[in-house]
Amino acid sequence: MENKLDGNAAGGILQEIFPFEMTLVQASCTGCGVTNTIGALAVYMHAMGTVIRCPACNSVLIRVVHAKGRYLLDMRGVSVLQINAEA
Ligand SMILES: [Zn+2]
C-alpha cells in the first residue's frame, strides 16, 4: 500500500530535521546520477514512514521514519546533497 505524493510533501517532514528549505535542496541519485530538487522527487507515504524515490530510475533516495521520539534517516541512495547556503 503506497500513497504517492509530490516532492513538496517530503519537504514537510525533512523540514522538521533540517533548517533549510528542503524542497530546494538538490539530491543526486547514487543509482543513475541524476540530480533533482527534493521538490521534484517522487514521494510515497507508507505506514512505516516516508520514502523518496528517484523519478528517473525509481531507486530509493531517502527514507524517513519518525517513531518513538526520534527520526531515522536513511540516505544511502543519495550520493551528493547540494544545499544553497544563501537561500
Ligand atoms: Zn536515479
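On a predicted model such as this, the values are computed, not experimentally measured, just so you know.

All of the protein donors around the zinc ion are Cys 29 (SG), Cys 32 (SG), Cys 54 (SG) and Cys 57 (SG); their distances to the metal are 2.3 to 2.4 Å. Taken together, the 4 donor atoms surrounding the zinc ion define angles of 101 to 113 degrees at the centre, an arrangement classified as tetrahedral. When the donors of the zinc ion are listed by position in the chain, the intervening gaps give C-x2-C-x21-C-x2-C. The class for Cys 54 is buried, based on a relative accessible area of 2%.

Glancing now at the nonpolar core. With 17 residues, the main nonpolar core has Ala 10, Leu 14, Ile 38, Ile 52, Leu 61 and Ile 62 as its most contacted residues. Of all the elements in the fold, those that place two or more residues in this core are α1 (7–15), β2 (26–29) and β6 (60–67). Sequence-distant contacts of Ala 10, that is, excluding residues within four places in its chain, are made with Ile 38, Val 43 and Ile 52.

In this section: the side chain of Asp 74. Inspection of the secondary structure assignment puts Asp 74 in strand β7 (residues 70–74). By relative accessible area, Asp 74 is classed as buried at 16%. At a separation of 2.7 Å, a polar atom in the side chain of Asp 74 contacts the side chain of Arg 76. When near neighbours in sequence (up to four residues on either side) are disregarded, Asp 74 contacts Leu 61, Ile 62 and Arg 63.

The 5 strands lie next to each other as β1-β4-β5-β6-β7, forming an open sheet whose pairing is antiparallel. Each of the sheet's edge strands pairs with one partner strand only, and the pair in question is β1 (3–6) and β7. Here the strands of the sheet are splayed against their neighbours by 20 degrees on average, with no regard to which way each runs. Of the strand pairs in this sheet, β1 and strand β4 (residues 42–46) are connected by 4 bridges, and their pairing is antiparallel. Bridged to Asn 3 within β4 is Met 45. The strands touched by α1 are β1, β4, β5 (49–53), β6 and β7; relative to β1, the strand with the most contacts, the crossing angle is about 90 degrees.

Turning next to the pairing of β6. Both β5 and β6 contribute to a ladder of 4 bridges, which runs antiparallel. Bridging across to β6, Thr 50 finds its partner in Val 64. Once β5 ends, the chain turns through 6 residues before running back antiparallel as β6, passing Asn 58 with a positive phi of about 70 degrees. Pairing analysis gives 5 bridges linking β6 to β7, with the strands arranged antiparallel.

Procedures and definitions
Residues numbered from 1 in each chain as written. Predicted model: local features only at pLDDT ≥ 70, side-chain atom pairs only at ≥ 80, totals over all residues. Heavy atoms only, no water. Donors = N, O, S within 2.8 Å, 3.2 Å for Na, K, Ca; no water. Tetrahedral: all angles 85-135°; square planar, octahedral: opposite > 155°, others 65-115°. Buried < 20%, exposed > 50% of the residue type's maximum accessible area, 1.4 Å probe, protein only. Core = buried A, V, L, I, M, F, W, Y, C linked by side-chain atoms within 4.5 Å. Helix = DSSP H or I, 4+ residues; strand = E, 2+ residues; numbered from the N terminus. Contact = heavy atoms within 4.5 Å. Polar contact = N/O pair within 3.5 Å; in protein donor to acceptor, adjacent residues only side chain to side chain. Pairing = 2+ DSSP bridges. Axes fitted to C-alpha atoms, helices over the stretch in contact; angles between N-to-C directions.

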